[in-house]
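# Structure assessment
Okay, here's what each chain looks like letter by letter:
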Amino acid sequence: MRFDIIIVGAGLAGASLAAAFKGSRYRIALVEGRAPAPAPSGWDSRIYAVSPAAQGFLQEIGAWPHLDPDRLTPVYDMDIRGDADGRLNFSAYDSGVDQLAWIVESGLMQRELWETVKRQGNITLFCPAQPQQLDIRADAVSLRLVPASASGVLTSGETLEAALVVGADGADSWVRAQAGLQADTLLYGEMGVVANFECAQPHHNTAFQWFRPDGVLAWLPLPGQRISVVWSTPEAHARELLGLDAEGLCRRIAAAGANRLGALTPLTPPTAFPLRMMRTPRIVAKRLALVGDAAHAIHPLSGHGINLGFLDARELSRALLELPEYRDCGDERALRRYARARAEEVALLQWTTHGLQRLFRPQHPAFSALRNLGLNLTDNLPVVRNMLVRYALG
Ligand SMILES: Cc1cc2nc3c(=O)[nH]c(=O)nc-3n(C[C@H](O)[C@H](O)[C@H](O)COP(=O)(O)OP(=O)(O)OC[C@H]3O[C@@H](n4cnc5c(N)ncnc54)[C@H](O)[C@@H]3O)c2cc1C
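Residues numbered from 1 in each chain as written. Predicted model: local features only at pLDDT ≥ 70, side-chain atom pairs only at ≥ 80, totals over all residues. Heavy atoms only, no water.

## Looking at the site of the ligand
Rule in force here: Definition of nearness: a residue and a molecule or strand are near each other if at least one heavy atom of the residue lies within 4 Å of the molecule or strand. For the purposes of these results, a polar contact is taken to be a pair of N or O atoms within 3.5 Å, where, inside protein, one atom must be able to donate a hydrogen and its partner to accept one; residues adjacent in sequence count only when each atom of the pair is a side-chain atom. To be clear on the numbers: accessible area is Shrake-Rupley with a 1.4 Å probe, and residue cover counts the displayed protein chains and nothing else. Runs of E in the DSSP output that reach at least two residues are strands. Runs of H or I that reach at least four are helices, and both are numbered from the N terminus. Under this grouping Gly is polar, as are all residues other than the nonpolar Ala, Val, Leu, Ile, Met, Phe, Trp, Tyr, Cys and Pro and the charged Asp, Glu, Lys and Arg.
Lining the immediate environment of the ligand, one finds 24 residues, of which Ala-13, Glu-32, Arg-46, Tyr-48 and Asp-293 sit closest. Between the ligand and Arg-46, the relevant distance is 2.8 Å, taken from an oxygen atom to a side-chain nitrogen or oxygen of the residue. Contact distances for the ligand include 3.5 Å between a nitrogen atom and a side-chain N or O atom of Gln-130. When the free accessible area of the ligand is taken as 1000 Å², the share hidden by the protein chains comes to 78%. Among the secondary structure elements, those contributing two or more residues to the shell around the ligand are α1 (12-19) and β3 (47-50). Across the shell around the ligand, the residue classes tally to 13 nonpolar, six polar and five charged.

Shown next as structure tokens:
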């Protein structure tokens, strides 16, 4: 079975990459272990702050216009507090933009990208399917899928051939491991505790963030009087939060956010995910590229994890779509162009986020004074503040 590009993993990064080849000459094989879950009746506690740059890409590939507008929340203001009297505000109005970001539920976006991909004539979906063996030769790659008899549930056992394979298979990427690409992981010893709540007072489309001695607490606006909470906190504290009853958790989270939106009532049970920074010195190799969490992971305090994945997909698709017809899409120069285009932004965000996480950890009062002074100084320098906003917008 001959294709131009094989993408392993149809999460947000892989599915958006596949969708970006709509109407192109490339034939795409998209290999996914499991299809997205059916639409839940309630709210998804895994949410993303989609930057304007990532939103532009989703618009370009035709997925954004299909998202239910009643489930999208624009963020107009950001209110950031230090662990003493430090304060920093960002506003869409002051920065001359319509919104700073959009808050979108993960499940809704995943299903919409899945539908976008299914509408495309040049994509063949292999799902559920698992790769078994990857061979990279000078002129092509071949990927053997697990045969039906070996897995019990899978129906495929084909060997796919293509000019390029893309690993979009998440943080524990099988493709990355097969290619022997190094991944340096730093475990923070923290978890992101996520849950959604109704709040007694309106949030006015403001995202709140507190740098606290017990981690970074973010309240992100959802439609109506609802918020999504992400508390990045040491594992022991995360487990304690997960063990609280619904009422106890609401009280704890409301108090940690200085009761800014009044009393909270639960919408979803809390869940948690481990936090790590992962750097891959090389995201391309011969006839191979990595995108999304397969290529990098960052602490969620910047809210940019998935934006990096979407912009990987945008840059890789651009590099390949620009190729003249006589070049195949495993072209080394195009892959290097992609790697160069992503290197600076990914490294800068990873180290800034990591630096902030480290800066707010020590409990000594001298550190506390210094970091809160830093927040206040930035807040008083509109030029620096607007520069930060412009950079975050992409
Ligand atoms: C429980 C949880 C909650 C989270 N909450 C937040 C949050 O609130 N905010 C935030 O910014 N980030 C959050 N994250 C992180 C965020 O989900 C990831 O950054 C994002 O999903 C990365 O997208 P991706 O497409 O690169 O990888 P993934 O979402 O990991 O997608 C990889 C895809 O590849 C498939 N796959 C993997 N291996 C194979 C294989 N061998 N064969 C075939 N298919 C394969 C998987 O089934 C999956 O569909 C959370 C993560 C977890 C686990």
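## Some words on the packing of α1 against helix α9 (residues 305-321)
The criterion, for reference: All axes here are fitted lines through C-alpha atoms, helices being fitted over the stretch that makes contact, and every angle between N-to-C directions spans 0 to 180 degrees. Orientation is classified from the angle alone, with under 35 degrees giving roughly parallel, over 145 giving roughly antiparallel, 65 to 115 giving roughly perpendicular, and any other angle giving oblique. The crossing is said to be left-handed when, going from far helix to near helix, the turn is anticlockwise and less than a right angle, and right-handed when the turn is clockwise. Should any heavy atoms of two residues lie within 4.5 Å, those residues are considered in contact.
Contact pair α1 / α9: the axes reach a minimum separation of 9 Å and the direction vectors enclose 30°. Here α1 lies roughly parallel to α9, going by the angle between them. Two packed elements cross with a definite hand, and for α1 against α9 that hand is right-handed. Residues Leu-12, Ala-13, Ser-16 and Leu-17 of α1 touch α9, and the partners they reach there are Ile-306, Gly-309, Phe-310, Ala-313, Leu-316 and Ser-317. Residues of the contact of α1 with α9, tallied by class, amount to seven nonpolar, three polar and no charged.

## Some thoughts on α9
The condition that has to hold: The span expected for a helix works out to 1.5 Å for each residue beyond the first. Think of it in three bands: residues with accessible area under 20% of the maximum for their type are buried, residues over 50% are exposed, and the middle band is partly exposed, with areas taken using a 1.4 Å probe on protein chains only.
Over its 17 residues, α9 runs 25 Å from end to end, which matches the ideal 24 Å to within 8%, given 1.5 Å per residue. Most of α9 is tucked away, with 14 of its 17 residues classed as buried.

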